[in-house]
Amino acid sequence: MNANVAVENAPGISFWSDPTVSVTARVDALIDAMTLQEKTAQLYGVWVGASNQGDEVAPHQHDMEEAVDLDALLPTGLGQLTRPFGTVPVDPALGALSLARTQIRIAATNRFGIPALAHDECLAGFAAWGATAYPVPLSWGATFDPDTVRRMAAAIGRDMRAVGVHQGLAPVLDVVRDARWGRVEETIGEDPYLVGTIGTAYVQGLESAGIVATLKHFVGYSASRAGRNLAPSSVGARERADVLLPPFEMAVREGGARSVMHAYTDTDGIPAAADEQLLTGLLRDTWGFDGTVVADYFGIAFLKTLHGIAADWADAAGTALAAGVDVELPNVKTFGAPLVQAVTEGRVPEKLIDRALRRVLLQKAALGLLDPDWSAVPAALDGADLDDPDALRGKVDLDPPENRQLAREIAEKAVILLSNDGTLPLTRPRRIALIGPNATEPTAVLGCYSFPQHIGVRHPGTPLGIELPTLRDTLAVEFPDAEITVARGTGIDDGDLSGIREAAQVASEADVAVVALGDRAGLFGQGTSGEGCDAEALILPGAQQQLLDTLLDAATPVVTVLLAGRPYALGRAVNESAAIVQSFFPGEEGTHAIAGVLSGRVNPSGRLPVSVPRGPGSQPTTYLGARLAHASEVSNIDPTPAFSFGHGLSYTRFDWTDLIMDAQETSTDGEFTLTFTVRNTGERPGAEVVQLYLHDPVASVVQPVQRLVGYTRLELGPGEARRIHVTVPADLASFTGRDGRRVVEPGELEVRLAASSAGPRLTARVTLTGAERHVDHTRRLHATFERDAG
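Within each chain, residue numbers correspond to sequence positions counted from 1 in written order. The predicted nature of this model means local features are confined to residues of pLDDT at least 70 and side-chain atom pairs, given and counted, to a pLDDT of 80 or more, with totals for whole chains, interfaces and linings taken over all residues. Each side-chain value is worked out from all heavy atoms of the structure, with water and hydrogens disregarded.

Some remarks on helix α21 (residues 544-552)
Thinking step 1. For each residue, the accessible area found with a 1.4 Å probe, counting protein chains only, is set against the maximum for its type, and the residue is called buried under 20%, exposed over 50%, and partly exposed in between. Numbering of helices and strands runs from the N terminus; a helix is a DSSP stretch of H or I covering at least four residues, while a strand is a stretch of E covering at least two. Gln544, Gln545, Leu547, Leu548, Leu551 and Leu552 are the residues of α21 that are buried. Buried residues of α21, seen end-on, are gathered within an arc of 160 degrees and therefore sit on one face of the element.
Thinking step 2. In the core, the buried residues of α21 are packed alongside β12 (431-435), α20 (500-508), β14 (512-518), β15 (558-564) and α22 (573-576). The directions considered for the arc run from the helix axis to the C-beta atoms. We call two residues in contact whenever any of their non-hydrogen atoms come within 4.5 Å of each other.

Re empty space enclosed by the protein
Thinking step 1. Using only the protein atoms, space was sampled on a 1 Å grid; points where a 1.4 Å probe fits but cannot get out form cavities, open sets with protein on both sides within 12 Å along at least five of seven lines form pockets, and lining residues are those with an atom within 4 Å of a point. Grid points are joined across faces, edges and corners, and a volume is the space filled by probe spheres set on the points. The final tally for this structure, using the stated rule, is 6 cavities of 30 Å³ or more.
Thinking step 2. Of the pockets and cavities examined, the largest cavity occupies roughly 80 Å³.
Thinking step 3. Lining the largest cavity are 16 residues, and of these Phe126, Ala131, Ala133, Phe451 and Pro452 lie nearest its centre.

Considering the confidence of the model for the protein
Thinking step 1. Confidence along the protein averages 95 in pLDDT terms, with 98% of residues attaining 70 or more.
Thinking step 2. What pLDDT expresses is the predictor's confidence in each residue, scored from 0 to 100. Across residues 2-12, confidence stays below pLDDT 50; counting only partners more than four residues off in sequence or on other chains, it has 24 contacts.

With respect to helix α23 (residues 590-599)
Thinking step 1. Buried residues dominate α23, accounting for 10 of its 10 residues.
Thinking step 2. For α23, the set of buried residues is Gly590, Thr591, His592, Ala593, Ile594, Ala595, Gly596, Val597, Leu598 and Ser599.
Thinking step 3. The secondary structure elements touched by the buried residues of α23 are α17 (401-414), α19 (471-478), β14, β15 and β16 (579-584).
Thinking step 4. Of the residues trailing α23, Gly600 is marked for its positive phi of about 95 degrees.

Observations regarding the layout of surface pockets
With a probe scaled to a water molecule rolled over the atoms, the places where space remains empty come into view.
Thinking step 1. Counted as a void, the largest pocket has a volume near 1100 Å³.
Thinking step 2. Mapped onto the lining of the largest pocket, the elements with two or more residues apiece are α8 (192-208), α9 (237-244), α10 (246-255) and β21 (707-716).
Thinking step 3. Of the residues forming the lining of the largest pocket, the biggest block, 4 residues, is contributed by α9.
Thinking step 4. Under the grouping applied here, Gly and all other residues not named as nonpolar or charged are polar, the nonpolar ones being Ala, Val, Leu, Ile, Met, Phe, Trp, Tyr, Cys and Pro and the charged ones Asp, Glu, Lys and Arg. Across the lining of the largest pocket, the residue classes break down as 23 nonpolar, 13 polar and 13 charged.

Observations regarding unusual backbone geometry
Thinking step 1. In this structure, the amide linkage connecting Ala170 to the following residue, Pro171, adopts the cis form with an omega of 10 degrees.
Thinking step 2. Tracing the backbone shows Pro171 in the loop between β5 (167-169) and α8.
Thinking step 3. His217 follows Lys216 through a cis peptide bond whose omega is 5 degrees.
Thinking step 4. Within the element layout of this structure, His217 appears in strand β6 (residues 212-218).

Here we look at the environment of Leu716
Thinking step 1. Along the polypeptide, Leu716 turns up in strand β21.
Thinking step 2. Taking the relative accessible area as the measure of exposure, Leu716 reaches 3% and is therefore buried.

Description of the environment of Gly436
Thinking step 1. Along the chain, the position of Gly436 falls in the loop between β12 and α18 (451-454).
Thinking step 2. Separated by 96 residues in the primary sequence, Gly436 and Val340 have C-alpha atoms spaced 57 Å apart.
Thinking step 3. Sequence-distant contacts of Gly436, defined by excluding residues within four places in its chain, comprise Ala487, Arg488, Thr490, Ala516 and Leu547.

Overview of the sheet that holds strand β24 (residues 742-744)
Thinking step 1. Read across the open sheet, the 3 strands follow the order β23-β24-β27; overall the sheet is antiparallel. The open sheet has two edge strands, β23 (735-736) and β27 (773-775), and neither has a second partner.
Thinking step 2. Pairing between β23 and β24: 2 bridges, direction antiparallel. Within β24, the residue paired with Phe735 across the bridge is Val743. A pair of strands counts as paired when DSSP detects no fewer than two bridges linking them.

So, the sheet that holds β21
Thinking step 1. Read from one edge of the open sheet, 5 strands run β18-β26-β25-β20-β21, paired in mixed fashion. Looking along the sheet, the strands with just one partner apiece sit at the ends: β18 (665-667) and β21. Taking the axes of each pair of neighbouring strands and ignoring which way they run, one obtains an average angle of 25 degrees across the sheet.
Thinking step 2. Two strands pair when backbone bridges link them, and strand β20 (residues 686-695) and β21 are joined in this way by 9 bridges, in the antiparallel orientation. Opposite Ala687, over in β21, you have Glu715 as the bridge partner. Each axis is a line fitted through C-alpha atoms, and for a helix only the stretch in contact is used; angles between axes span 0 to 180 degrees, taken between their N-to-C directions.

Thoughts on the pairing of strand β7 (residues 259-262)
On any regular strand, side chains alternate: one points to one face of the sheet, the next to the other face.
Thinking step 1. What you see with β7 is no split at all: Ser259 and Met261 on one side and Val260 and His262 on the other are buried throughout.
Thinking step 2. Strand direction decides the pairing type here: β6 and β7, joined by 3 bridges, are parallel. Bridge pairing in β7 links Phe218 to His262.
Thinking step 3. As paired strands, β7 and strand β10 (residues 292-294) are joined by 3 bridges and run parallel to one another. Bridge pairing links Met261 to Val294 in β10.

What to know about the packing of aromatic side chains
Thinking step 1. Aromatic pairing here means that ring centres of Phe, Tyr or Trp (its six-membered ring) are within 6.5 Å. Orientation follows from the plane angle: under 30 degrees is stacked, over 60 is edge-to-face, and everything else is tilted. In total, this model carries 17 aromatic pairs according to the counting rule given.
Thinking step 2. Ring centres of Phe144 and Tyr711 lie 5.1 Å apart, and the angle between their planes is 80 degrees; this geometry places the pair in the edge-to-face category. Highlighted residues: Phe144 in the loop between α6 (137-143) and α7 (146-162) and Tyr711 in strand β21, separated in sequence by 567 residues.
Thinking step 3. Ring plane angle 10 degrees and centroid distance 4.7 Å describe the contact between Tyr623 and Phe645, whose orientation is recorded as stacked. Note that Tyr623 is positioned in the loop between α23 and β17 (654-661) and Phe645 in the loop between α23 and β17, a separation of 22 residues in sequence.

Considerations on the nonpolar core
Thinking step 1. Definition of nonpolar core: a set of buried residues of the types Ala, Val, Leu, Ile, Met, Phe, Trp, Tyr and Cys, connected through side-chain atoms within 4.5 Å. In terms of nonpolar packing, the biggest core is built from 188 residues, with Phe126, Tyr202 and Phe218 touching the most fellow members.
Thinking step 2. Excluding anything up to four places from it in sequence, Tyr202 contacts Cys122, Trp140, Val149, Met152, Ala153, Ile156, Ala170 and Pro171.
Thinking step 3. By size, the runner-up hydrophobic cluster in this structure holds 34 residues, among which are Leu426, Val512, Val514 and Val597.

Some words on the pattern of salt bridges
Thinking step 1. Between Lys or Arg on one side and Asp or Glu on the other, a salt bridge is scored when a side-chain nitrogen of the former is within 4 Å of a carboxyl oxygen of the latter. Applying the stated criterion across every chain yields a total of 46 salt bridges.
Thinking step 2. Across the pair Glu56 and Arg105 runs a salt bridge whose closest N-O atoms are separated by 3.0 Å. You can see Glu56 sitting in the loop between β1 (45-49) and β2 (58-59) and its partner Arg105 sitting in helix α5 (residues 92-109), a full 49 residues away along the chain.
Thinking step 3. The salt bridge partner of Glu588 is Arg404, with a shortest N-O separation of 3.1 Å. Pair noted here: Glu588 is in the loop between β16 and α23 and Arg404 is in helix α17, with a separation of 184 residues, a long-range link.
Thinking step 4. We classify Glu588 as buried; its relative accessible area is 1%.
Thinking step 5. Salt bridges sharing partners connect three or more residues here, namely Asp399, Arg404, Arg408, Glu588 and Glu589.

Some thoughts on the side chain of Ser529
Thinking step 1. By secondary structure assignment, the location of Ser529 is in the loop between β14 and α21.
Thinking step 2. Residue classification places Ser529 among the buried positions, given a relative accessible area of 0%.

Regarding the state of the cysteines
Thinking step 1. The criterion for a disulfide is a pair of cysteine sulfur atoms lying within 2.5 Å. Per the stated rule, a full pass over the model turns up 0 disulfides.
Thinking step 2. Free of any disulfide, Cys533 has its nearest cysteine sulfur in Cys448, 7.2 Å distant.

Points about the pairing of strand β25 (residues 747-754)
Thinking step 1. In terms of burial, β25 is largely enclosed, as 6 of its 8 residues are buried.
Thinking step 2. Relative to β25, β20 runs antiparallel, the two sharing 5 bridges. Bridge pairing links Leu694 to Val751 in β25.
Thinking step 3. Pairing of β25 with strand β26 (residues 760-769) involves 8 bridges; the strand directions are antiparallel. Paired with Leu749 across the bridge in β26 is Val766.
Thinking step 4. Two successive antiparallel strands, β25 and β26, enclose a turn made up of 5 residues.

Right, here's the structure in full:
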C-alpha cells in the first residue's frame, strides 16, 4: 500500500507544495490554479463511516440528506470527511486504516493531491467505539479545575490525532440560561466566567495535541425560548455581550481555537449563519480570529427550510458565505452545484468563495496536508503491516489505563455533596438497600454524545467497547462486607409504580437506602437529557419523585444519588434526605467516584456549575440575575434555588479569616489586592474552592446582583493553611453601557469572597475613582491568585 502520495504535472505544483515558500504564497498559487468546481469542493464535507474491515469509508445515508456519490465528487477534491469514527462501531485500528486508505484515494483522485480534513465529535471524549468516555462538560464545570480539564483535552486530542483525525467539534461554550434545555449536559455551567475558563483550558489541551478545536455554538443557542431546542433566542444586545459572548472571546483570545461553529438559532430575526456582524464584524474584524467558521450540521440549508430567509439553496449558500461561513457540514447540499451555478450566473461573487477557500487551505497547510511529504498513515499505524487488516484488529487502544485514571480523577473532583446530616460517609454498613432505575444501569454515567448513547444504541448486540461498572458493582467493591439488596422501584421515565412497594420494603430492612435516580441520555426524544430532549418542568422524569417520597416516609436514612444531565427540583428530599450526592453524567469511572464519596475514600470537592431549583416550575432562572430576577414582594413565585451555584460540601471544614485590602480606592484603570487565610480545620485532607464575586450597588444599566470574576481550588491537609493574595483589575467590573460600549464606571463595589453564590465568607468594599473608562476585547480578563503558607 503506497502511503505517500506525490502529484506531478499539476499547475503550480512545484510552487504551492514547496514548504520553503511562505504558506500564504503557496495558498494563493493554489487558488489561482483551481477551477470554480475545485474551489467549492474544498468548502464542504461528506458524512462517512469507516470500515470495520479496513476498506475505504462508506458514505453515511442521513435521513435529512440524499445519497452522496463519492466517485462523482472526488475528482474535484474534498474539503472534509465527517465523523469517520463517530458514525458506526469500528475497531480503532481498522478505522484508522480505513481512513488512511480513503485519504490516499482522495489525494490521488484530485489534480492537486489535497487530502480531506477529518473531523469528529469529542464532547466528552473522542466519540469513537472503544474510546474513553470522560465526564460530560457539566462535570468539568463542577471541578472548578481548568488544569485537570486541560490535561484531559490533551489526552483526547492525542487519541484523535493518532488515528488520523484533525478537527474536534468541541467545546460547547453556551452558557445555561434555562435548565429545561436538553443540551444542558453539554454545557459547562450557568456562569460565563466559569464556562470561559474551563472551556479555554479544554481548547488549549486539544490544540496542544494538534487537533483543531471548534467552539460551539456561536452564539445564543442556549438562550432559546422555554428551553426548547432550536427555538428563537430571546436575548437583547447587552445580555448577548455580557453573558453569552465572553466565553467565546476568551477561547479565541487565550485558547488559540482554530475553528468556530455557528449556532442554529436566530437572534432578533437574524440566524447566526447569516449574521455578518457576528461572524465577520465581531469574530474576525474585532477579535482577530483567523481560523475557519464551519456550519452546524445542515445549518446553511436551514436558512431556507427552517428560517425562511433564503429562496433556494444557492441563496442560502451565498448568504452564509457573505456572513462568514467557510465550510458546509456535514454533507454537500448548498456549497456544491447550487453555489457553482450561482457564481456562474453572477448571483454570488467568486471572491466570497476565494475568501473562504483561503482560510480552509491555510488551515490544511498548517496541518501539513499540503506538504510534499504528507503521509496518510497516522501515528497509531506506524510500522504496521497495512496490507494485513486482520492482524491490526485490536492493536490500537483508545482507553488505556492512564486515560481511565484521568477519567476517574475528573469524576472524583466533579461529584458534589449537596447536603449531609452526618450519615455520610457510611461507616461499615451491614445492609445497604440500593434502589432506583440507575442502580444497575451501565450507561447511566454517559451523556448523549458518548459513543454508546449516540451511536451504539442504533447497533444492538454490539459490545459497548469500554467497561462501565454499575453503581451496584462499585458499591460491592467499596463495601465488601455489606449485604447489598437491589430494587428498581421504577424506570427512568416509564411512570411505572408497580415496583415502589417492593422498594420500600427493601429499604425498611436495610441500615441505609441509597437511591440512584436521574436521567437517560439520548437524542431527539429518545432520552430524558440530551439534544432534543427538553423538559417541560424540572421535575424528576417519570415516577422517580414518587419513589423518592415513598422512601422518605420510611425510617431508614435515604441517601439520594443523582446521575443526571441537568439539575432537578427534589421536593421533600432537600430537607428530608439524609444526604444528597449530585453527579452530572460522570463518565466511565463515575460509579467508582460516587461509591468513593459514599464510603469516604473520596472527600467530595465538586461545586455546582448550575443552581439546583427548589421548585420545578421557576425556570428560566440562574444565579446571574438582576434584583427583579430574585425573590421579591411583587411576585408569588420564589425562584430562590434549593442549592446555589458554586455550592458543595466536604467531609472537612475550612475557616476563612484575616482579610486585608491593600487600598480602599483605586482608579478605573487600576487594581486592588485582597489578602486572607484559608485553613483546613478538620481531620482529613480536602479541597476548598474560593470564589470571587463582584456586586455593583449602583450602575448606569441594570446589573446582576453579583457575578463570578475569579476562583481558585485549594488542596489542604488537616490543619494546613494558605495565605491567599488576590489581585483584581478594575477591568473585571466592566459591563456593556447604554451606548453599547464596554465601560468601567467610577463608584463603590462590594467584593465577596465566597464558598458559593449564596455563601459569602469575607466581604470588602472598594471605590473606583477617576473618569469613566471604555475598554474593549484587549481588557484584562482575570484576577490573579497567589498563595503562600499561612
